[in-house]
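Commentary on secondary and tertiary structure
Listed below, chain by chain, are the residues.
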Amino acid sequence: MKKTLLILSACLCFFTSCQKKQELKPVNIKPITIEQDGTILTSDPRFELLVIAANLAEIYPFGNYNSDYAIQIQTFFKNHKDHALIKQLRKISKKRFFYIDYLMAFNCISEDFTSFSDENIHNSGKKYWKKHKDTFIQNFNSFAHDTNFEKFYLAFEHDLKHQLFHAQEYFKVNSSIIPTTNSILYRNNNQKYTIYCSNLFFSNRGTSIPNTTIIRTNPDKTNPYTKIRIQTNLLYSTIFKLCDQNWEQIKEPVSALIKTLYEQNQITQKNTDTDILIMLSDLLSEYLTYHFTKNEYSEEIQS
């Protein structure tokens, strides 16, 4: 009798486990990509759904409501603003620099929206995602199906392609951005980049996360400040990744330096490893941008 109960219990556990896996139905949408001089510009459905969720949660820098596309989003998803994914995002947003951990999730979501691998998460973010990744991927997958995201994305496929052409035109006009970045960071000047484009960013300068640069799809081609910011973002995304990979070696001296600077300026705020990594990457990318491109950008700004 006891043996029978154990077998039944094992079968029940196996059935329950399979049932949970089957609950995550795949989403079959392919990214839209175009290439410009070796740089890949892409609209990825996983990334687009992440920023749509942030847009619905009305969280900066994702709250761009001025475009026709953003208005369509507010209309299409209006009945899902209290979805579990949106609630989880609002909770995450209370963290300092939340968008780093949030956008990093995009690199961990499988192409069919059914699994989450934290191998691509930066070291300082692993603690958070180890605890929350299962709930997150369930919410993310259900949000895609509950909102019929596949229908929305395919309906706007032409518009998304058109947006990428705007980004492509930007890099044609500002063709020095990629070669300059390579000349600063690499001996091999043929390093390739993938840049994720979305028109849901409020900021014209875009943003960066480790090894990932994000821009608006229609940056101002004639504004030298925008060019500087995109240049800095490219540097930042690579520097953050390099610092994170070597964090154990640099953590002690960098943390001590930040602590000394805070004490000298009577700042009492405590910093996590992520905070320090962000400050270090910001400082280095700003310095490198200024040091290596000051003559070029100074002339553009003056003119």
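Below: a short report on this structure. Everything numeric here is computed off the predicted structure, so don't read it as measured data.

1. Here we look at the overall build of the protein chain
The number of helices and strands found in the protein chain is 12 helices and 5 strands. For the protein chain, the exposed area adds up to about 16,600 Å²; of that, 52% sits on carbon and sulfur atoms.

2. Brief notes about the pattern of salt bridges
Under the counting rule described, the total for this entry stands at 4 salt bridges. Here Arg-46 ties to Asp-44 by a salt bridge, and the two come within 2.9 Å at their closest N and O atoms. The same class applies to Arg-46 as to Asp-44, namely buried. A salt bridge links Asp-82 to Arg-90, with the shortest nitrogen-to-oxygen separation between them at 3.9 Å. Residue classification places Asp-82 among the exposed positions, given a relative accessible area of 58%. When its relative accessible area of 31% is taken as the criterion, Arg-90 is described as partly exposed.

3. Points about helix α8 (residues 157-173)
The first and last C-alpha atoms of α8 sit 25 Å apart over 17 residues, in line with the 24 Å expected at 1.5 Å per residue. For α8, the full list of buried residues reads Leu-160, Gln-163, Leu-164, Ala-167, Gln-168, Tyr-170 and Phe-171. Angular distribution of buried residues about the axis of α8 spans 155 degrees; they occupy a single face of the element.

4. Re the packing of helix α2 (residues 45-56) against helix α4 (residues 84-92)
Two elements in contact, α2 and α4, have axes separated by 9 Å at closest approach and are oriented at 75 degrees. Put simply, α2 runs roughly perpendicular to α4. In contact with Ala-53, Ala-54 and Leu-56 of α2, α4 contributes Leu-85, Ile-86, Leu-89 and Arg-90. Class assignment for the residues of the contact of α2 with α4 results in 6 nonpolar, no polar and 1 charged.

5. Section: the nonpolar core
Within the largest apolar cluster, 61 residues are counted, with the highest numbers of intra-cluster contacts made by Ile-52, Phe-136, Phe-140, Phe-149 and Phe-171. In terms of residue count, the dominant contributor to this core is α2 (8 residues). For Phe-136, the residues in contact, after removing those within four places along its chain, are Leu-50, Leu-85, Gln-88, Tyr-102, Ala-105, Ile-109, Phe-116 and Trp-129. Membership of the second largest hydrophobic core comes to 15 residues, among which are Tyr-236, Trp-247, Leu-277 and Ile-278.

6. Points about the packing of aromatic side chains
Aromatic ring pairs are reported here in terms of the distance separating the ring centres and the angle at which the planes meet. This model, assessed by the stated rule, comprises 17 aromatic pairs. Aromatic pair Phe-77 and Phe-152: ring centres 5.1 Å apart, planes at 65 degrees, arrangement edge-to-face. With Phe-77 in the loop between α3 (68-76) and α4 and Phe-152 in helix α7 (residues 149-155), the pair connects residues that are 75 residues apart, well separated along the chain. There is no split in this pair, since Phe-77 and Phe-152 are both buried.

Rules of the game
- Residues numbered from 1 in each chain as written.
- Predicted model: local features only at pLDDT ≥ 70, side-chain atom pairs only at ≥ 80, totals over all residues.
- Heavy atoms only, no water.
- Helix = DSSP H or I, 4+ residues; strand = E, 2+ residues; numbered from the N terminus.
- Areas by Shrake-Rupley, 256 points an atom, 1.4 Å probe, with all protein chains shown as cover.
- Salt bridge = Lys/Arg side-chain N within 4 Å of Asp/Glu carboxyl O.
- Buried < 20%, exposed > 50% of the residue type's maximum accessible area, 1.4 Å probe, protein only.
- Expected span 1.5 Å × (residues − 1).
- Arc of directions from axis to C-beta.
- Axes fitted to C-alpha atoms, helices over the stretch in contact; angles between N-to-C directions.
- Parallel < 35°, antiparallel > 145°, perpendicular 65-115°, else oblique.
- Contact = heavy atoms within 4.5 Å.
- Nonpolar A, V, L, I, M, F, W, Y, C, P; charged D, E, K, R; others polar.
- Core = buried A, V, L, I, M, F, W, Y, C linked by side-chain atoms within 4.5 Å.
- Phe/Tyr/Trp six-rings, centres within 6.5 Å; stacked < 30°, edge-to-face > 60°.

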